[in-house]
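# Survey of secondary and tertiary structure
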Amino acid sequence: MTRYRDRPPARPGSRTNAPTAAAIDRGHGIARVLSKLGYCSRTQGEALVREGRVRVDGRVVRDPEHRTLASAVRIEVDGRPVAAETPVTLMLNKPRGLVTTRDDPQGRETIYRCLEGLDLPHVSPVGRLDKASEGLLLLTNDTAFAQRLLDPASHVLKTYHVQIDRPADDALLSGIRAGVEDRGEHLAVRSVRLLREGERTAWLEIVLDEGRNRHIRRLLAALGTDTLRLVRVSIGALALGDLPKGAVRALTPDERARLERAP
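Keep in mind the model is a prediction, meaning the values are calculated, not measured. Along each chain, the written sequence defines residue order, and numbers are assigned to residues from 1. The model is predicted, so local features are restricted to residues of pLDDT at least 70 and side-chain atom pairs to those at 80 or more, both for listing and for counting; the totals for chains, interfaces and linings are taken over all residues. For side-chain calculations, the full set of non-hydrogen atoms in the structure is used, while hydrogens and water are omitted.

### Re the pattern of salt bridges
Stated precisely, the cut-off is as follows: Salt bridge criterion: a side-chain nitrogen from Lys or Arg within 4 Å of a carboxyl oxygen from Asp or Glu. Helix numbers and strand numbers start at the N terminus; a helix is a DSSP run of H or I with at least 4 residues, a strand a run of E with at least 2. Burial classification: accessible surface area is computed with a 1.4 Å probe over protein chains only, and a residue below 20% of its type maximum counts as buried, one above 50% as exposed, and the rest as partly exposed.
Counted according to the given criterion, the structure contains 23 salt bridges. The residue aspartate 142 makes a salt bridge to arginine 256 at a minimum N-O spacing of 2.5 Å. Taken together, the residues aspartate 142 in the loop between strand 10 (134–140) and helix 4 (143–150) and arginine 256 in helix 7 (residues 253–261) connect sequence positions 114 residues apart. Using a relative accessible area of 17% as the deciding quantity, one classes aspartate 142 as buried. For aspartate 254, the salt bridge is made with arginine 258, and the minimal N-O distance between the two is 3.0 Å. Of this pair, aspartate 254 and arginine 258 both sit in helix 7, separated by 4 residues, roughly a single helical turn.

This is the structure in structure tokens:
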């Protein structure tokens, strides 16, 4: 059952805190405008347009790339006006076994299972955690906020606790710090330290300031080490804390402000 803490505002009738259309959009394809307004994903917007369900100033538009200035037109879907949703940013403690997508062609369960029953606008994940990974994942309908966090130039720090299949000797830690070349990419870390270890396994804390596909798993595999568990515990100054697995909660204004100032 989905657990939700500090429930965010439901879809509001009054949008006094919503960004203006002008702030969201300076002229994009209509499908992208629908996404930026928080109405749906860009892919869903493209489908709505092609199905003839979207009107701009009373005229049906069937081209998803139809250039639209949201602040200067009336946009409707199925005859209902579309306006900017109040910004919502959530943190989720992602369970292992869920994929970070809305719809999965293979029919696997997705992170949106954790949002079932909640009255929310369309929210999208900020980055990804692979199916086998766990921990802190952000979701938002504020595309500008998401883009700032995902911009490689921002170097927002992300901290992971990683269980590996061997004790962590100095050679392994040195190899992680040095980084590896894999599939034409240099995989590096900001820092690594040993948290604890036993006879057969160890837990490491690894901090990244970039995020390539399966970054940590590939780096460790190149050093002859398997990843048993991978848990993201913080993004910038935002810590996962004691949020239960599968639960979501809204970020406080202070948490969001600190993320915007990250790193």
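### Some remarks on the side chain of threonine 140
Here is the rule: Under this definition, polar contacts are N or O atom pairs within 3.5 Å; protein pairs additionally need one hydrogen-donor-capable and one acceptor-capable atom, and for neighbouring residues in sequence, both atoms have to be side-chain atoms. The criterion used for residue contact is that any of the two residues' heavy atoms lie within 4.5 Å.
Along the polypeptide, threonine 140 turns up in strand 10. Separated by 3.1 Å, the side chains of threonine 140 and threonine 89 make a polar contact. Reaching out from threonine 140, the side chain makes a polar contact with the backbone nitrogen of aspartate 142 at a distance of 3.0 Å. Not counting residues within four places of it along the chain, the set of residues in contact with threonine 140 comprises Val88, Thr89, His122, Val123, Ser124, Val126, Phe145, Ala146 and Arg256.

### So, the pairing of strand 10
Let me state the cut-off plainly: A pair of strands is considered paired only if DSSP assigns at least 2 bridges between the two.
Of all 7 residues in strand 10, 7 are buried; the element is thus mostly enclosed. Relative to strand 10, strand 8 (residues 89–94) runs antiparallel, the two sharing 6 bridges. By the bridge assignment, methionine 91 is partnered in strand 10 with leucine 138. Across 2 bridges, strand 9 (residues 124–125) lies against strand 10 in antiparallel orientation. Across the sheet, proline 125 pairs through a bridge with leucine 139, a residue of strand 10.

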